[in-house]
Every structure is written in C-alpha cells, then in structure tokens.
Protein chains: 2
Amino acid sequence: MSKVYLVGIGPGGPEHMTAQARAAMERADVLCGYTVYVDLVSPLFPGKETYSTPMTRELERCQWALETAGRGRTVAMLCSGDAGVYGMAGPLLELAEGMAEVEIEVVPGVTAALSGAAVLGAPLMHDFCVVSLSDLLTPWERIETRLRCAAQGDFSICLYNPASKKRARHLERACGILLEYKSPDTVCGWVRNIGRAEQSSRILPLSELREAQLDMFTTVFIGSSATREIGGRMVTPRGYEVRP
Amino acid sequence: MSKVYLVGIGPGGPEHMTAQARAAMERADVLCGYTVYVDLVSPLFPGKETYSTPMTRELERCQWALETAGRGRTVAMLCSGDAGVYGMAGPLLELAEGMAEVEIEVVPGVTAALSGAAVLGAPLMHDFCVVSLSDLLTPWERIETRLRCAAQGDFSICLYNPASKKRARHLERACGILLEYKSPDTVCGWVRNIGRAEQSSRILPLSELREAQLDMFTTVFIGSSATREIGGRMVTPRGYEVRP
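On a predicted model such as this, the values are computed, not experimentally measured, just so you know.

S.K.: So what exactly am I meant to see when it comes to the overall build of chain A here?
M.R.: Secondary structure assignment for chain A yields eight helices and 13 strands. Over its C-alpha trace chain A gives a radius of gyration of 19 Å, about what one expects of a compact globule, namely 18 Å for 244 residues. Counting only C-alpha atoms, chain A reaches 60 × 35 × 30 Å along its principal axes. Taking all 244 residues of chain A together, the buried fraction comes to 60%. For chain A, contacts bridging at least 24 residues in sequence account for 68% of all contacts bridging at least 6. Distance from the positive charge centre (25 side chains) to the negative charge centre (28 side chains) of chain A: 3 Å.

Have a look at this one:
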C-alpha cells in the first residue's frame, strides 16, 4: 500500500488527539513532520521510525513523504492542530497532483481556533472568520482586506500567527484596522501555549489588545459586537434567546 | 464537586472523539444532550445515566445541567462537532452567569468545518469564514451581510445548516448572493453525514451548488478564487510556493 496520512494532532498532548489520529500514527511505518511535533508524539509510539525537518522545510518534507509512500511505505505526516488549517494537507495534495498511486487521507484534528476558544469560553459560538497575520506566503494587502471584510461583517475573528520576531507589529497594525470599524471596548482574548503545562490566557478589550506583546505561540480572538465577558469567560451569544 | 463538561464529540463515531472528550464522559455521573447524540455515545459507557431532550429544548437542557451540577453531580453535556461552534457552550455560560459554585469546562472537538474539509481535501487551508444559514436565531439580513463580506474578502466559506424543511431555499439564496461577487466556476463541495457509514460528498462549481437539493445533515464549502480541484479533491492553496 502507498499511503500518506495527514494527521492533525491537536494542540500537542495525547489527550487532544482523536482515536483516528492515533490509529493512523500506529498504522504508519514512519512518522514525519516538524521536529517539535515529532518529538511530542514519538514517545507514544516507542521504536517507530521518524523523519523530522525544521519549520521552513515544508515542501521538502512533503516531497519526502510522497517518495517514501511511493516506495510502498505508509507515512503519517504530523501537523499541529488540524492538517487542513494552515497545515500540510494543501501543499501535499498539490504536490501529489498526477501521482494516482499514492493514496492520501486527511485525518482532522482540533485546530487552535477551537482549542483556544475552549480555554476562553465560547468566543466562536456564532459566525466567525479565521485569518493568519503571517505575510510569508500572503501579501499584507490581502490580509488587510480580509480584516476589513471580517470587521464589516461583524464576525468573531480568530487570528493565527499574530506576531513573530520578523513581524513584531502585525497585531498592532491589525488591531488598528479593526478599530476603524469596531468599538475599542470589543471583548477580545488570547491564549498562549494551548493545552500545554505553561498555558496562559487573558481577556481584554480591543484597545488593550493593540498594545499586547504576543508571540507566534499565541492565538488571538476578537469578539463580534455581541460578545460579552461573563464570569471571566469570553462568550459570543448564539442568538437572542437567553437575554431577558 | 459541581461541574459541567461541555463535550464536543466530533462528527459522531468514537474514532473522532479526543481522549479528553472520552475521559470527561467517563468521569461524568450523567451524560446529557440531544437524543441522537446521547444514543450515539451511551453504548460506549454501559450503565451510565443519561438525560436526553429533543432538539428544540436546548435551554431547558442547559438549565437541567446546571441544576444537576448544583446538586453535586458531574454532568457531561454532549454537543456534535465542537461545543463552542453553534453548540451549547455559549448558552450554558450565559445561563450560568452568577453561579460561581458550578465549574464549567469546555472540551473542544472536531467541528464539521474540519471533518468535512478532510473528506473533500483541503478547502480551508487558508483564511476562511464559517456562516450558518439558519435564521432561527439570526435575522436573514445579518446572514446576507456576512455572506457579502465573506465574498468580498475572498475567504473560503464553510456553510452550516444550508437547508431544512422550513428553509428549503436558503442555499439557493446564499449562492445567488455569492454569485454577485464570485465566478460561477468557483470550486465548491458538500459533505453529508460526515464520518458515518452513509457519508457522501461531491465537488461541483458554484453555479451547480445553487441548484443542489441539500439537507440539514450537510456541510457546504465554497472556495476562494484560488481554490482548485486537484485529483478529485478540493484544495485551497496555502500560498504560492508550489505553483511552477
């Protein structure tokens, strides 16, 4: 069998993996992925062969997975969160174009929008957008357009990759754009290191989020106009039924 | 202990549940939820007490869960997909306002946007919006505004609740709005009964999606302008790196 599983492992701990994700890794001959994820997962499968590459080598890793599967070995490619949300499912399916002999199965997982939302309360209860602030593969103008549209639609917004060393001020710029449309009191929140021992989080207004110094291990949530803080949680009402 | 777990069980089968979701249900004294979900899950926990109510009784069920937890019993409230995406986390946290004695923990799960995307390929690889077409709790005008904003932002769009007996023409109306902004050739897809034995799916252009007769068990995906069909899968490129 020539097969690549694209496995979303969730935020990292074994408790966040689905049974299907675990079974796919169990069935694989080799686990492949970004070094950090391979190191997280490999203790669960003692003796299993692994192949890891640094973060910037995604396409090389996909190529390796397809070639390895082409030689009849079953590969599980690990992605944090969900393989289909800023993960490896897209690039791998693109690279596999025309390689009918390799079967590709996407195994979904809990992406940071969901695991982070659970930490904060229920910020994504109603319609929402997910936007990455990374301009490595996307022109900043397109990111800005999407932020404007998300704000005009009064969506709850989840931001991935809010900052890094190279894009230290992206979150500030994004909040500045959102503040053209949204109240500075809009309820927002962030979660860092979701699901890990050092997890931290905070709920704060949009005006303060603009000044926050966050990093690439953080996921950010911006409420709709209906989002409220209730008992220390960030909650976007699903409808109007609970209000008195 | 007074505790309510809000448990996202994923699309339904035990293979889609996280270990954390299973552990929460194991620890609970009683499993509560919409009849269909309780019936799906209860065989995994023989002898466990259950409390189920029909679909329209959500608030009653939340009230029951809080009262039951208030009497010292641990309740697991089951939600399909993720508890925080059109689920029970919002209403429960709203109703629990001021009830400091009841601890509420949201346990995330794989929502239909992710499980359906995995079936089709990788339609949500880049920025995306999730919009429900149900106007039970949301005025249609607001849904329409969000569709327009999602289209103007060139997001990939995932539609929940595309149709039901009472809203048979909502999908047609939504596609009509999107066609004001998007090409009729935009790559779209739908998945019905995700993760179940009778699962079915199709990839089709937006012009044909408009005519599709779907039901409430279906999740719909509408591509961005970059989305392509590759080897029978729906793929939204993550960036520009793979293109020659």
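From this point on, the discussion continues.
S.K.: Is there a simple way to explain the sheet that holds strand β6 (residues 121–122) of chain A in this structure?
M.R.: Picture the strands of a sheet paired through backbone hydrogen bonds; they go either parallel or antiparallel. Residue and element names in this part refer to chain A. Spatially, β6-β13-β12 is the arrangement adopted by the three strands of the open sheet, whose pairing is mixed. In this open sheet, the two strands that pair with only one neighbour each are β6 and β12 (228–230). Note: β6 against strand β13 (residues 233–235), two bridges, orientation parallel. Along β13, the bridge assignment pairs Gly-121 with Met-234.

S.K.: For this particular structure, what's the right way to read unusual backbone geometry?
M.R.: In terms of backbone geometry, most residues other than glycine have negative phi values and most peptide bonds are trans. At Asp154(A), a position not held by glycine, the phi torsion is positive, near 55°. Relative to the assigned elements, Asp154(A) resides in the loop between α6 (140–152) and β8 (156–160). The exposure class of Asp154(A) is buried, given its relative accessible area of 14%. Phi is positive for Asn193(B), close to 55°, though the residue is something other than glycine. You can see Asn193(B) is positioned in the loop between β9 (187–192) and β10 (200–205). Residue Asn193(B) is classed as buried on the basis of its relative accessible area, which comes to 10%.

S.K.: Could you clarify how one ought to interpret the pattern of salt bridges in this entry?
M.R.: Summed over all chains, the structure comprises 24 salt bridges over all chains. Here Lys3(A) makes a salt bridge to Glu105(A), at a shortest N to O gap of 2.7 Å. With Lys3(A) in strand β1 (residues 3–8) and Glu105(A) in strand β5 (residues 103–107), the pair connects residues that are 102 residues apart, well separated along the chain. Owing to a relative accessible area of 6%, Lys3(A) belongs among the buried residues under this scheme. With relative accessibility at 24%, the residue Glu105(A) sits in the partly exposed group. A salt bridge links Asp154(B) to Lys182(B); its shortest N-O distance comes to 4.0 Å. One end of the pair, Asp154(B), is in the loop between α6 (140–152) and β8 (156–160); the other, Lys182(B), is in the loop between α7 (170–178) and β9, with 28 residues separating them in the sequence. A single burial state applies to Asp154(B) and to Lys182(B), both of which are buried. The structure contains a network of salt bridges with shared partners spanning Lys3(A), Glu103(A) and Glu105(A).

Rules used throughout
- Residues numbered from 1 in each chain as written.
- Chains lettered and ligands numbered in written order.
- Predicted model: local features only at pLDDT ≥ 70, side-chain atom pairs only at ≥ 80, totals over all residues.
- Heavy atoms only, no water.
- Helix = DSSP H or I, 4+ residues; strand = E, 2+ residues; numbered from the N terminus.
- Rg over C-alpha atoms; globule rule 2.2 N^0.38 Å.
- Buried < 20%, exposed > 50% of the residue type's maximum accessible area, 1.4 Å probe, protein only.
- Contact = heavy atoms within 4.5 Å.
- Lys, Arg positive; Asp, Glu negative; His and termini not counted.
- Charge placed at Lys NZ, Arg CZ, Asp CG, Glu CD.
- Pairing = 2+ DSSP bridges.
- Salt bridge = Lys/Arg side-chain N within 4 Å of Asp/Glu carboxyl O.

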